[in-house]
Amino acid sequence: MLKLGLGLAVLNGTAFPALAHEALLTAQSADSLSFVDLDTMKESGRISVTGKPAGIALSPDKKTAYITAPDSQDLIEVDAISRTVKRRLHLGGGPLGIAAHPTRPEVYVADWYTHKIHIVDVTQMAVIGDIKVGDSPSGLAVTPNGKLLLSADRDSDAVSIVDIATRKVLASIPVGKRPFGITIDDQGARAYTANVKSDDVTVIDIAARKVVGSVPTGRRPYAVALAQGRGFVTDQYGGTVTAFDQTTLAPIKRIDTCDHAEGIEADADEKNVYVSCWGEDVLLRIDAQKLLVTGKAAVADGPRAFGTFLR
Amino acid sequence: MLKRLVIAATIVGLAPLSLAGAAWAHGPSRQKVTETVEINAPADKVWKVVGNFQDMSWLPVVAKTEGTGGNNVNATRTLTLKNGGKIEEQLDKYNAEDHMYAYEITKVDPKVFPVNDYSSHITVSADGDNKSTVTWWGGFYRGYMLNDPPPDLNDAVALKAVTDLYKSGLAALKQKVEAGG
């Protein structure tokens, strides 16, 4: 993937590699998108993205970011390389959770109020269909093979499994109370939901459509990242990240992080996970092996980074 | 009048956002407020007043604090306000060494306090031996969680309510601690 990216960049004759090793943080309070260089852990740029941006997903080539803005109720397309807002699509309702398909030119946007997922064709930047799911869908994730879309239906305490080809809901699986973020492992075998009200993570076997276990977390878990056989959960009110073992589902350590730890994602090499701190306006780096905070970058006010934000 | 001015200012401030949609269609987004006060007293002395989760008597609007669990994580308290309103809260983090505790509101009527999903922390930090700074921070949504809030439950009203509470509370705390000798 890295090689392919660099190859394309050379063919295009651009001075910038396609993958810049950076984080894109939706700074909701600042109406901005902050770019952080992950090698130096310094903010390298900031652009205006109005409408109180929150959710984010990157295109498969990671050159384009798709951002939800709950205040203006828009989907916003940002060219991550030139760092410019390209297009805006007004969706209405309550757009928040978002995921991109690995091969199709589609992104999926969960509507908090109308309880459906919009299918957006990003070539036309238009809604081409809706999928009715449970109540207040929030986090979305697509399996790596592109076949299934999973939706954490917050107010139904359940996860919907959607067949992407037919746009049909195949199953609804009861999980903990008020699932918010959802993350699927690289094999597409298991999904992990962060359950805001029951202070735990539910682990789902996707093929069997069954819950295989749960992990206790700190107060008000928000989202989950996976690295080195471990899970990492941002505890929004607890101000910690709970690390657990993916095999035994036993908690390993609660890492003191920051106020309102929210968006979290592992690097491609799984060496580090990065945590967006809404309360303290910083991006933190956690060493996934040592379970220590090893870096910190100041960013624009109120970074949420709900979704995938590393490139 | 003041409230109306605040609302008007907000509309003007947000006007560019509404170009993409209906002028009034503002979805909720999380807000935050930070207020600080400098107190002429050592941090330990200030912490003795604010550091007990079961005693909010330093906050002028509170008539009564009732709770269980002391200062342990997951302790609860119910604040009865002088106007009769009640707020139920839970302790999320307590660090006596750093003079900090974090809590959340678990139940409140937006008519009493126009917020949702409110969480907060109070920190006392030492500025030398005889001075300290108290920081009160809150994160929350407005009182109305759907689109198109009524004017008394919009973002501006929530921000004003929390800001006013923190400002008046910290001013009263300063007065109480400094007068207490």
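K.L.:
Looking at this structure, how should I read the overall build of chain A?
P.N.:
Along its length, chain A carries one helix and 28 strands. Since a compact globule built from 311 residues should have a radius of gyration of about 19 Å, the 18 Å found for chain A is in line with a globular shape. By the burial criterion, 62% of the 311 residues in chain A qualify as buried. Intrachain contacts of chain A at a sequence separation of at least 6 include 41% that bridge at least 24 residues.

K.L.:
Honestly, helix α2 (residues 43-50) of chain B in this entry has me stumped. Any pointers?
P.N.:
An α-helix turns once per 3.6 residues; consequently, residues spaced three or four apart project the same way. Residues and elements named next belong to chain B. Every buried residue of α2 is accounted for by Ala43, Val46, Trp47 and Val50. What you see down the axis of α2 is that its buried residues fit within an arc of 100°, all on one side. Away from its buried face by more than 90 degrees, α2 exposes Asp44 and Lys48. In the core, the buried residues of α2 are packed alongside β1 (31-39), β4 (86-95), β5 (100-108), β6 (115-126), β7 (132-142) and α3 (155-179).

K.L.:
Could you clarify how one ought to interpret unusual backbone geometry in this entry?
P.N.:
What you tend to see is this: most non-glycine residues have negative phi, and most peptide bonds are trans. Although it is not a glycine, His21 of chain A adopts a positive phi angle of roughly 50°. With respect to the helices and strands, His21 of chain A occurs in the loop between α1 (2-12) and β1 (22-27). Backbone geometry at Asn74 of chain B places phi at a positive 80°, although glycine is not the residue there. Tracing the chain through its elements places Asn74 of chain B in the loop between β2 (62-68) and β3 (76-81).

K.L.:
Honestly, the packing of aromatic side chains in this entry has me stumped. Any pointers?
P.N.:
Centre-to-centre distance and the angle between the planes together describe a pair of aromatic rings. Residues and elements named next belong to chain B. For the structure shown, the criterion picks out 16 aromatic pairs over all chains. Where Phe113 meets Tyr118, the ring centres are 5.7 Å apart and the plane angle is 70°; that geometry is what we call edge-to-face. Judged on exposure class, the residue Phe113 and its partner Tyr118 are both buried. Joined through ring pairs, the aromatic side chains of Trp47, Phe53, Tyr94, Tyr101, Tyr103, Phe113, Tyr118 and Phe140 make up one cluster.

K.L.:
Is there a simple way to think about the state of the cysteines in this case?
P.N.:
Among covalent bonds in proteins, the disulfide is the one between the sulfur atoms of two cysteines. Residue and element names in this part refer to chain A. A full pass over the atoms with the stated rule returns one disulfide over all chains. Note on cysteine connectivity: Cys258 is disulfide-linked to Cys277, with sulfurs 1.9 Å apart. Its torsion about the S-S bond being -80°, the disulfide of Cys258 and Cys277 is classed as left-handed. On the criterion of sequence distance, the pair formed by Cys258 in the loop between β23 (251-256) and β24 (261-266) and Cys277 in strand β25 (residues 272-277) is long-range, its members being 19 residues apart. On the basis of relative accessible area, Cys277 is assigned to the buried category, the value being 0%.

K.L.:
Looking at this structure, I do not really get the pattern of salt bridges. What am I missing?
P.N.:
If charged atoms from side chains of opposite charge come close, those side chains can pair. Residue and element names in this part refer to chain A. This model, assessed by the stated rule, comprises 25 salt bridges over all chains. For Asp74, the salt bridge is made with Arg88, and the minimal N-O distance between the two is 2.6 Å. Note that Asp74 is positioned in strand β6 (residues 74-79) and Arg88 in strand β7 (residues 84-90), a separation of 14 residues in sequence. Classification of Arg88 by relative accessible area gives partly exposed; the value is 33%.

K.L.:
Help me understand the environment of Ala57 of chain A in this model?
P.N.:
Within the secondary structure, Ala57 of chain A sits in strand β4 (residues 55-58). Once residues within four sequence positions are removed from consideration, Ala57 of chain A is found in contact with Thr64, Ala65, Tyr66, Ile98, Ala99, Ala100 and Thr308 of chain A.

K.L.:
Would you mind showing me how to read the side chain of Glu89 of chain B here?
P.N.:
Residue position: Glu89 of chain B is located in strand β4. A distance of 2.7 Å separates a polar atom in the side chain of Glu89 of chain B from a polar atom in the side chain of Arg77 of chain B.

K.L.:
Any chance you could explain the nonpolar core here in plain terms?
P.N.:
Soluble globular proteins tend to pack their nonpolar side chains together in the buried interior. One finds Phe113, Tyr118, Val134, Trp136 and Leu173 of chain B to be the most contacted residues of the largest nonpolar core, which totals 37 residues. Of all the secondary structure elements, the ones that give two or more residues to this core are β1, α2, β3, β4, β5, β6, β7 and α3 of chain B. Counting residues in hydrophobic clusters, the runner-up holds 26 residues, among them Trp112, Ala225, Ile264 and Ile286 of chain A.

K.L.:
Would you mind going over the sheet that holds β23 of chain A with me for this structure?
P.N.:
Each strand in a sheet pairs with another by means of backbone hydrogen bonds, the pair being arranged parallel or else antiparallel. All names here are of chain A. The strand order across the open sheet built from four strands is β20-β21-β22-β23, with neighbouring strands paired in antiparallel fashion. The open sheet terminates on both sides in strands that have one partner only, identified here as β20 (221-227) and β23. Strand after strand, the sheet turns through a mean of 20° between neighbouring axes, direction not considered.

K.L.:
Mind showing me how you'd approach the interface of chain B and chain A here?
P.N.:
Put simply, an interface is often sized by how much accessible area is lost when its parts join up. Each side of the interface is counted separately: chain B has 26 residues, and chain A has 30 residues. Between chain B and chain A the total buried area reaches about 2,200 Å² when both faces are included, carbon and sulfur atoms providing 45% of it. For the pair chain B and chain A, the number of links is six salt bridges. Of the charged contacts, one joins Asp92 of chain B and Arg219 of chain A as a salt bridge, the two residues approaching to 3.5 Å between their closest N and O atoms. Applying the counting criterion to the chain B and chain A interface returns 16 residue pairs in polar contact (both at pLDDT 80 or more). Those elements giving two or more residues to the side of chain B that touches chain A turn out to be β1, β4, β6 and β7 of chain B. Tallying contributions element by element places β6 of chain B first for the side of chain B that touches chain A, with four residues. Split into classes, the residues belonging to the side of chain B that touches chain A amount to nine nonpolar, 10 polar and seven charged.

What counts and what doesn't
- Each chain carries its own residue numbering, running from 1 in the written order of its sequence.
- Each chain is given a letter, starting from A, and each ligand a number, starting from 1, according to the order in which they appear as written.
- Local features in this predicted model are restricted to residues of pLDDT 70 or higher, and side-chain atom pairs are both shown and tallied only at a pLDDT of 80 or more, whereas totals for entire chains, interfaces and linings draw on every residue.
- Working from all heavy atoms in the structure, the side-chain values ignore hydrogens and water.
- We count a stretch as a helix when DSSP gives it H or I for four or more residues in a row; a strand needs E for two or more, and each element gets its number in order from the N terminus.
- Radius of gyration here uses only the C-alpha atoms, and the compact-globule reference equals 2.2 Å multiplied by the residue count raised to the power 0.38.
- Here's how the labels work: a residue is buried when its accessible area is under 20% of the maximum for its type, exposed when over 50%, partly exposed in between, all with a 1.4 Å probe on protein chains only.
- By definition, residues are in contact when any of their heavy atoms lie within 4.5 Å.
- By construction, the arc corresponds to the directions joining the helix axis to the C-beta atoms.
- Working definition: a ring pair exists when centres of Phe, Tyr or Trp rings (six-membered ring for Trp) sit within 6.5 Å. Plane angles under 30 degrees give stacked, over 60 give edge-to-face, the rest tilted.
- Working definition: a disulfide is two cysteine sulfur atoms within 2.5 Å of each other.
- The term salt bridge refers to a pairing of a side-chain nitrogen on Lys or Arg with a carboxyl oxygen on Asp or Glu at a separation within 4 Å.
- A 3.5 Å cut-off defines polar contacts: any pair of N or O atoms within that distance qualifies, except that in protein one atom must be a possible hydrogen donor and the other a possible acceptor, and neighbouring residues in sequence count only when both atoms are side-chain atoms.
- Put simply, buried Ala, Val, Leu, Ile, Met, Phe, Trp, Tyr and Cys residues joined by side-chain atoms within 4.5 Å make one nonpolar core.
- For two strands to pair, DSSP has to find at least two bridges joining them.
- Interaxial angles span 0 to 180 degrees and are taken between N-to-C directions of axes, which are lines fitted to C-alpha atoms, for helices over the stretch in contact.
- Buried area is a sum: the accessible area each of two parts loses on coming together, probed at 1.4 Å, counted once for each and added.
- Any residue that is not Ala, Val, Leu, Ile, Met, Phe, Trp, Tyr, Cys, Pro, Asp, Glu, Lys or Arg is counted as polar, Gly included; the first ten are nonpolar and the last four charged.

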